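Now for the letters of each chain:
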Amino acid sequence: MTSRVLQPRAVCSELRVRMDLRFLLVNLLFLGSSLHLCSCQTYVLSDKDGLGRVFDGIGGLSGGGATSRLLVNYAEPYRSQILDFLFKPNFGASLHILKVEIGGDAQTTDGTEPSHMHYENDENYFRGYEWWLMKEAKKRNPNITLIGLPWAFPGWVGHGKNWPYDFPDITAAYVVNWILGAKQYHDLDIQYVGIWNERNFDIKYIKLLRYTLDKSGLERVRIIASDNLWEPITLSVLLDPELSSAVDVIGAHYPGTVTVKDAVKTQKKLWSSEDYSTFNDEVGGGCWARILNQNYVNGLMTATISWNLVASYYEELPFGRNGLMTAEEPWSGHYMVDSPIWITAHTTQFTQPGWSYLQTVGHLEQGGSYVALTDGRGNLTVVIETMTHDHSVCIRPPLLPFNVTSQNATFQLKGSFASIKELQVWRSQFNFKTQEPSFFEKLTPLKLVNGSFTLHLAEDEVYTLTTVTTGQKGSYPDPPPSAPFPKVYKDDFNVRNPPFSEAPDFADQTGVFEYYINMTDPGPHVFTLRQVLTQRSTTLPVRRQRNLTVTCDVFMESVNTGGVFIAARVDKGGESVRSANGVFFWVFADGTYKVTNDLGQYSHPLSGTRAYVWHTLSLTVEGQYASGLLNGYPLWKNAVVLTAKNGWAAIGTHSFELAQFDNFAVVAE
């Protein structure tokens, strides 16, 4: 593919016009118009006066929460293909950074991730899937930067209070244990840990965390604070030398490409430690292209991390498809390599953490931006974006109006780059008018004349010009086509050596379900799914269905106070799950049951259910009516359904308790 490169003398040369008295006026008007159209703005790229800030990388975030939940359930080779598009160098996104949630047994957006310490005397460093994900990333890129951040904590950390920093020594030890466990059990070196939340008295926690890290031999682990807002952490760092020595990076979430003066004054690294969070269509790709450049041009941020890494959770949950790519159908194997993957590649495949930005970066005269980076050993990478306003809107914050028009731009290389004779060229064109985008195309290398080149830049384009020759647009055969969730779904949870603690396809919501060896009944229930936390929980194993039957064996472990449910047509999940509507069939250890939905309740005092006995519940919803069976016998029928006409199937507990579930099945029409 030939690049649209215009040499300076060709595009900006004097227009030769044969003057004729008969056409003098016409030619003068034409000359004036042509000179205007051929005008060029020149941008100097030089290291003569030194370099800018050190580049720390581009990354993705798994968690906050449970955003990679379905990825682990993909069969091979599709799971490895997805991981390659994310992490494999010179293939796809080729990410420099992976940030993961330190699970806290609590709902943190789209689900719950398990803690390594459910209780104070409990430690298990094999729960969840973030360990696996970090190892897979490290397998592909041994130099990837690993970051951990807790969004929530088990209740015991705060002694039952809703604020984990009242006992900072306990909280610091909890976080440090996770970092130590990563190394001891998985040989993973966590390089940064974030602190998500900040009030004035959190300063004590930050200092204590630094002390605890150092005392544990983790001097190499650096702290990101507040991993939320620029203020008030920046002012506190300026005023408190001890705090300043504890904090290595000031991180902001969704900064809108701008920082604050006090943050720059700290002379700390400035990161957009959580950004993007936008539906990953072409406008989402445009958002990502704009902020990857302008986070540095406007805000001197040297790292940008996308929430989220991969949209591997049910799309109907909050912020569906807000990842760099989409992998939400493990049952079919279908996944989508969305535009943000290739926009990421424009930077990541041609730079590395440790490179430096040039001081000569900025905005283009007719809109858009450019950045340039070098490894200090002769390599140069230039990334240019011309995203228009309406085609680069992110979910947050609001984007002020601006204009971008097509333009010719001349770049003059000076300093140590003046001798560069050729640059590799990669281009993405969004083509919103034709709706035929092309992403990450390799064009003909560009020959420079006296260290200069000129580009014709249309609207909504991204260019990379680089001395690096190793870039590649990786590919695999198309994955299987998209398919709905199976109408018949069954799981007896009898997995002798489960690779993950969670059952396939379940999306833990306000608590965690884990595989469990049931010692009380070694017969048909050797392996069960156990609600292991003291939190009410629902799981959402099937997508929206109208008429269905849900069946599950249940085992309550709280005498008299215990209660469990199975449900259908559940209409909400994620951070909205506590206000979910649906048809809920409850049984309780005191021998009662009830049926609830959003507007009505049908109940009867007697069911005969009790704790430490297995019971089989069955819920059928057809059209406007629902009925329920207990141990194969009708318990209630013809309850009027007042909720939505479709939704998820779910199981869960009544309150803060332990319970077990087995032989789960859904049959849908």
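Note: the structure precedes this text.
In this text the structure is predicted, and so the values were computed from the model without any measurement.

Quick notes on the rules
Residues numbered from 1 in each chain as written. Predicted model: local features only at pLDDT ≥ 70, side-chain atom pairs only at ≥ 80, totals over all residues. Heavy atoms only, no water. Phe/Tyr/Trp six-rings, centres within 6.5 Å; stacked < 30°, edge-to-face > 60°. Lys NZ or Arg CZ within 6 Å of the ring centre and 35° of its normal. Disulfide = S-S within 2.5 Å. Helix = DSSP H or I, 4+ residues; strand = E, 2+ residues; numbered from the N terminus. Buried < 20%, exposed > 50% of the residue type's maximum accessible area, 1.4 Å probe, protein only. Core = buried A, V, L, I, M, F, W, Y, C linked by side-chain atoms within 4.5 Å. Contact = heavy atoms within 4.5 Å. Pairing = 2+ DSSP bridges. Axes fitted to C-alpha atoms, helices over the stretch in contact; angles between N-to-C directions.

Draft legend 1. Spatial organisation of the packing of aromatic side chains. Overall, the coordinates contain 44 aromatic pairs when judged by the stated rule. The rings of Phe85, Phe91, Tyr335, Trp342, Phe350, Trp426, Phe440 and Tyr476 are connected pair by pair, giving a single aromatic cluster. A cation over a ring is seen here: Arg396 above Tyr254, with NZ or CZ 4.4 Å from the ring centre. The residue whose ring lies beneath Lys473 is Trp342, and the NZ or CZ to ring-centre distance is 5.2 Å.

Draft legend 2. Inspection of the state of the cysteines at higher detail. Evaluation of the coordinates by the stated rule reveals one disulfide. The partner cysteine of Cys287 in its disulfide is Cys394, sulfur to sulfur 2.0 Å. Around the S-S axis, the bridge from Cys287 to Cys394 shows a dihedral of about 100° and counts as right-handed. Remark: Cys394 occurs in the loop between strand S16 (380–385) and strand S17 (407–413) and Cys287 occurs in helix H10 (residues 282–297); sequence separation between them is 107 residues. Neither Cys287 nor Cys394 differs from the other in exposure class; each is buried.

Draft legend 3. Quick peek at the nonpolar core. In terms of nonpolar packing, the biggest core is built from 97 residues, with Phe87, Leu98, Met134, Val175, Ile179, Leu209 and Leu213 touching the most fellow members. Sorting elements by how many residues they give to this core places helix H5 (residues 168–186) first, with eight residues. Aside from chain neighbours lying at most four places away, what touches Leu98 is Gly60, Phe87, Leu133, Met134, Ala137, Ile144, Thr145, Leu146, Ile147 and Leu309.

Draft legend 4. A look at the sheet that holds strand S3 (residues 57–62). Reading around the circumference, S3-S4-S5-S6-S7-S8-S9-S10 is the order of the eight strands in this closed barrel, with parallel pairing throughout. Strand-to-strand, the axes of this sheet are offset by a mean angle of 25°, without reference to chain direction. Where strand S5 (residues 145–149) lies against strand S6 (residues 192–196), two bridges are found, and the strand directions are parallel. Looking across to S6, one finds that Ile147 is bridged to Tyr192. Here helix H4 (residues 130–140) sits on the sheet and contacts S3, strand S4 (97–101) and S5; the angle it forms with S4, its principal contact strand, is near 175°.

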